[in-house]
Each structure stands twice: as C-alpha cells, then as structure tokens.
Amino acid sequence: MRALFAVVREALGEGLDVRLPGLGVLKVRDFAARQGRNPRTGAAVLIPAGRRVRFAMADEMRALVNSRG
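Residues numbered from 1 in each chain as written. Predicted model: local features only at pLDDT ≥ 70, side-chain atom pairs only at ≥ 80, totals over all residues. Heavy atoms only, no water.

Another aspect to go through is the pattern of salt bridges. Across all of its chains, the model carries two salt bridges by this definition. Salt-bridge contacts for R51 lead to D30; the nearest nitrogen and oxygen are separated by 3.4 Å. Highlighted residues: R51 in strand 5 (residues 50–57) and D30 in strand 2 (residues 24–31), separated in sequence by 21 residues. Classification of D30 as exposed rests on a relative accessible area of 63%. For D59, the salt bridge identified is with R62, shortest N-O distance 3.4 Å. Here the residue D59 and the residue R62 both occupy positions in helix 2 (residues 59–67), the gap between them amounting to three residues, near one helical turn. Overall, the relative accessible area of 61% leaves D59 in the exposed class. (Salt bridge = Lys/Arg side-chain N within 4 Å of Asp/Glu carboxyl O. Helix = DSSP H or I, 4+ residues; strand = E, 2+ residues; numbered from the N terminus. Buried < 20%, exposed > 50% of the residue type's maximum accessible area, 1.4 Å probe, protein only.)

Next up, the structure:
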C-alpha cells in the first residue's frame, strides 16, 4: 500500500494525472489567486495561487454511488 501511495505522490508531484481504473482520475490543477472572506469576521482575505489535486470520478463509480440509497 505504501508503494502505491509513493508512486501516486511522485506522479502528482510531477503534475501527471493518475488514472485508477473503475475509480477515477486524480489530476493536478493550477488555481489563480482570488479574493475570499473570513466566515467569522466577514473580512476580505487573499487566497493565494497554488496547485490542488482534483478527483474526477469514473462513470462506473458514479453509477454505483448513485444506485445506492
């Protein structure tokens, strides 16, 4: 399991997409800086630019999740 996480971390660190068949895809995306608000005080704050990992669910997984309930 540790080896899997090491490979995924390394690939995402290089900006590569990681495909997990039947589960989905982990993608690294760049986000621009933007204005936000502190929910407690309402004060404006700058949210810095950065990279984030996004998960796009596979069709098979989406169908399974939506069929439950």
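So much for the structure itself; the text now carries on.
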